[in-house]
Every structure is written in C-alpha cells, then in structure tokens.
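Read off the chains here:
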Amino acid sequence: MVQRRGSKDGASGPPNMHHVAELAGVSVATVSNVLNHPEKVAEATRDKVFSAIDRLGFTLNQTARALRSGEARTIGLVVIDLTNSLFVDVARGAQAHAQSNAFTLQLASANNDLAMQDAHLGFFDSARVSGVILAPMQESDDQIARVRRHGRPVVVVNFDSRQTDSCRVLIDNERAGYIAAKHLIDLGRRRIAFVAARDDYQPVHQRREGARRAVAEAGGGVEFVELDTVDLDPPGGADAGRRLAAMPPNERPDAVLAVTDLLAMAIINELTSAGVRVPQDVAVMGCDHNSAAWGGAIPLTSVAMQGEEMGRAAVDLLIGELRDAPGTHVHRRVLLQPRLVVRESTVGRDGATPLPAPDRSTASA
C-alpha cells in the first residue's frame, strides 16, 4: 500500500495526484495529462493511472481546479420559473447537450423574482462557471453585463434582450399568439377573448401582438376582447373564468385564448362548473404547452414552444463562444418556430372537424 505523505499509516487525508503518480509509477504531469488530455498519453500508461485511481479512491477536486485554472467546465442555467414546463424542457435539453460535450450543468430557479435571479447569477459568477444560460422574463441587461465583464459568456433564452453583447435563443412568441388566434378563427369563432396579465413580460406582450395581427387579418367579422387578470397563475384564470361564465350567453365570447396554459385550465374549470360547455359553447386554448395544465377532464389545445431544442441550441452557442479565440466570436440570434397542438378543448372529442361557432347575430356591440 502506498503511504500518503504526512501519514504513518497511509490513511490520513484524501488521496491526491502525488499518491496516484507514486502508485502508478509515473510523474504527476502524466497523471494530469491522463485526467485532462488523455489523447496525449499511451493507452498502457492510461490504464496504469486509472488502476491507481480506482485503488486509491481518488477524485479530482473540481472546485480547486476551477480556482487554479478559471475553467470549471460547468454551465450555470438560471430560469425564471420551474413550475412552467417550458423551462424544465429547456433544462432537460441543455443538460443532455452539455453532458455530451463533457460539461456539467447547474440549475437554479428564480421563482419569478428578479432579485433572486440576480443572486443566482452572482453565485455562478463567483463559482467561476465556464458560462451562463439565462432564461428571464424581464430586461436583465445590467445583470448580464456584470457577468460578461468578468469574462464569462452569457446566452439569453426566451427573451430578446436589448443587450447586443450576447447570443440569444428565442421562440417566435409573436407567431405563437398569431397561430393560436388563427386556429380559433379558422374554427369559425367570431368573438375571441384574449386573457392575460403581466404585459411587461416580453413573451406575454408578443403573444398579444400576434393574436391582434391574426384578428386584424380576418377583417371586421372577428371581435377581439382583451380580458386582463391579476396574474398568470390559476387564481387569475379562475377569476377570468367566473367573469366569462357570468356574462349573458349572447354577449359571452365564443372562444378564449389564454396567454398561458395555467390560465386556460382554470378558465375551463370555472366555465364547466357553471354549465358552459367547452368547446361547444366556448372554445378555450392556452399558449405555452405547460404540462402542469394537462391534467384536466378536457385536454387543452396549446402551442408547443420547443423547449428542449432551445436548451440544446443555447449550449451550442455557449460552447462555441468558449472555443472561439478572443475577439473573434460573432454573437448569433437563433429563432425557433412554435407549433400548434390541437386537443379537445377547441375541436371536441372526435377531433375530426371544427365545431360550428354559436350564433352571435344577436350579440351586443
């Protein structure tokens, strides 16, 4: 048994690279090459080093390594809210792609709190991660600039920041709102309620603009009713649903486009509890494909946001920037396209043909 330095019995303190080198009969530099640049070491030598590592139970201290080299091969991912499955999908795609490129991924959720987001970014910065992927809902340019000043690249996901000094991966949220509203118009719905909150959130604002565009293209035969609520979570949807259910049938919208699936799910619950049929009386859909809203009795039509692809693309951009020589990197803006997912909340159980809209000829202006 190799006796460790500073120990009489060889058991004091964790094994280090010197112990591995002594047991394998090689230099410390060779052990370092096996761990960091194995392609430079002959296979027989690698086998001896790995055998010594196994016998000693040696593990590389990644924190100390990062402090010495400034390179942790770790990517920090900060998302605004893990209750939305879009960001879970982003994390899943980013983690798989990071792992395939020999990086680890550390995940933090800001719980819709800008100050908490800033704290997470500060932690990853102080931990000397290789770079950061940030999925915010609001402008975060000052936070991004601080991390970048310390030499760490930042890739922004799902938010088109004013900050030009970063790569970005976006979903076309304007088109998400457009294809959602157009789906309802194509079904023959003629009075569409757009239910939303937090128009200061860029994705919300862009989806609203897309829905407005689809209605404008349809001409004067489609009415667009904008119904604001207190928040994007189920309580806000429940409030909107109660208001819709209380309307006289000849004044009630015959379709609802909720800017999030959680709003849509709560609206359906309130409408059906009040005896309003979905989708026969009112077609209802969401707009962010959040799996947390898929458990209701009526499967929800929504718009898929390509979260896993977004995470993979963000890792690609980050690694590309890390590999580029200083001063040569050109930031890129990747725009992904959303996809309509049609379920029973807009087309009924057979799903074969659009349901005719209720007659609104007597509706008040």
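Residues numbered from 1 in each chain as written. Predicted model: local features only at pLDDT ≥ 70, side-chain atom pairs only at ≥ 80, totals over all residues. Heavy atoms only, no water.

Caption draft 1: Representation of the packing of helix α1 (residues 17-24) against helix α2 (residues 28-36). Two elements in contact, α1 and α2, have axes whose closest approach is 8 Å; the angle formed by their N-to-C orientations is 105 degrees. When the axis of α1 is compared with that of α2, the two are roughly perpendicular. On α2, the residues that touch Met-17, His-18, Val-20 and Ala-21 of α1 are Val-28, Val-31 and Ser-32. Residue composition of the contact of α1 with α2, grouped by class: five nonpolar, two polar and no charged. (Axes fitted to C-alpha atoms, helices over the stretch in contact; angles between N-to-C directions. Helix = DSSP H or I, 4+ residues; strand = E, 2+ residues; numbered from the N terminus. Parallel < 35°, antiparallel > 145°, perpendicular 65-115°, else oblique. Contact = heavy atoms within 4.5 Å. Nonpolar A, V, L, I, M, F, W, Y, C, P; charged D, E, K, R; others polar.)

Caption draft 2: Molecular detail of the side chain of Thr-260. Here Thr-260 is to be found in the loop between β8 (255-258) and α11 (261-273). A polar atom in the side chain of Thr-260 sits 3.2 Å from the backbone nitrogen of Leu-263. Setting aside residues up to four positions removed in sequence, Thr-260 forms contacts with Leu-232, Gly-286, Cys-287 and Asp-288. (Polar contact = N/O pair within 3.5 Å; in protein donor to acceptor, adjacent residues only side chain to side chain.)

Caption draft 3: The sheet that holds strand β9 (residues 283-285), seen in detail. In space, the four strands of this open sheet follow the order β7-β6-β8-β9, with parallel pairing throughout. Both outer strands of the open sheet, β7 (223-228) and β9, are each paired with one neighbouring strand and no more. For this sheet, the mean angle separating the axes of adjacent strands, direction not counted, is 20 degrees. Pairing geometry for strand β6 (residues 191-196) and β7, over six bridges, is parallel. Counted as the bridge partner of Ala-193 is Val-225 from β7. Here helix α8 (residues 173-186) sits on the sheet and contacts β6, β8 and β9; the angle it forms with β8, its principal contact strand, is near 170 degrees. (Pairing = 2+ DSSP bridges.)

Caption draft 4: Representation of unusual backbone geometry within the structure. In this model, Val-278 is joined to Pro-279 through a cis peptide bond whose omega is 10 degrees. Position of Pro-279 relative to the elements: it lies in the loop between α11 and β9. Positive phi outside glycine occurs at Arg-198, with the angle close to 55 degrees. Among the structural elements, Arg-198 can be located in the loop between β6 and α9 (202-218).

Caption draft 5: Here's a closer look at empty space enclosed by the protein. Here the structure, examined in full by the defined rule, presents one cavity of 30 Å³ or more. In this structure, the largest cavity encloses a volume near 70 Å³. For the largest cavity, the full set of lining residues is Met-265, Ile-268, Asn-269, Ala-293, Trp-294, Gly-295, Gly-296, Ala-297, Ile-298, Pro-299 and Leu-300. Split by residue class, the lining of the largest cavity holds eight nonpolar, three polar and no charged. (1 Å grid on protein atoms, 1.4 Å probe; cavity = no way out; pocket = protein on both sides within 12 Å on 5 of 7 lines; lining within 4 Å. Points joined across faces, edges and corners; volume = space filled by probe spheres on them.)

Caption draft 6: Seen up close, the confidence of the model for the chain. Looking at the chain, the pLDDT average stands at 87 and 88% of residues meet or exceed 70. Note on residues 3-11: pLDDT under 50 across the span, and 17 contacts to partners over four residues away in sequence or across chains. (pLDDT = per-residue confidence, 0-100.)

Caption draft 7: Geometry of the pattern of salt bridges. Under the counting rule described, the total for this entry stands at 21 salt bridges. Between Asp-118 and Arg-146 there is a salt bridge; the shortest N-O distance is 3.0 Å. Of this pair, Asp-118 sits in helix α6 (residues 114-126) while Arg-146 sits in helix α7 (residues 141-149), and the two are 28 residues apart along the sequence. Owing to a relative accessible area of 26%, Asp-118 belongs among the partly exposed residues under this scheme. (Salt bridge = Lys/Arg side-chain N within 4 Å of Asp/Glu carboxyl O. Buried < 20%, exposed > 50% of the residue type's maximum accessible area, 1.4 Å probe, protein only.)

Caption draft 8: Expanded view of the side chain of Asp-125. Tracing the backbone shows Asp-125 in helix α6. Polar side-chain contacts of Asp-125 include one of 2.8 Å to the side chain of Arg-152.

Caption draft 9: Region of the structure containing the environment of Arg-212. With respect to the helices and strands, Arg-212 occurs in helix α9. Residue Arg-212 is classed as partly exposed on the basis of its relative accessible area, which comes to 34%. Sequence separation between Arg-212 and Glu-226 is 14 residues, and the spatial gap between their C-alpha atoms is 9.7 Å. Setting aside residues up to four positions removed in sequence, Arg-212 forms contacts with Phe-224 and Glu-226. There is a polar contact of 2.6 Å between the side chain of Arg-212 and the side chain of Glu-209.

Caption draft 10: Molecular detail of the packing of aromatic side chains. Scanning all chains against the criterion turns up two aromatic pairs. Taking 5.8 Å as the distance between ring centres and 55 degrees as the angle between the ring planes, the aromatic pair formed by Phe-123 and Phe-124 counts as tilted. According to the relative accessible area criterion, Phe-123 is exposed, its value standing at 54%. Judged by relative accessible area, which is 5%, Phe-124 ranks as buried. Centre to centre, the rings of Phe-194 and Phe-224 are 5.9 Å apart; their planes meet at 40 degrees, and the pair counts as tilted. Taken together, the residues Phe-194 in strand β6 and Phe-224 in strand β7 connect sequence positions 30 residues apart. (Phe/Tyr/Trp six-rings, centres within 6.5 Å; stacked < 30°, edge-to-face > 60°.)

Caption draft 11: Broad picture of the environment of Leu-23. Along the chain, Leu-23 falls in helix α1. Spatially, the C-alpha atoms of Leu-23 and Leu-56 are 8.8 Å apart, while their sequence positions differ by 33 residues.

Caption draft 12: Here's a closer look at the pairing of β6. By the criterion of burial, β6 is predominantly enclosed, with six of the six residues buried. Residues Arg-191, Ala-193 and Val-195 point to one face of β6 and Ile-192, Phe-194 and Ala-196 to the other, with burial holding for every one of them. Across four bridges, β6 lies against β8 in parallel orientation. For Phe-194, the partnering residue across the bridge sits in β8 and is Leu-257.

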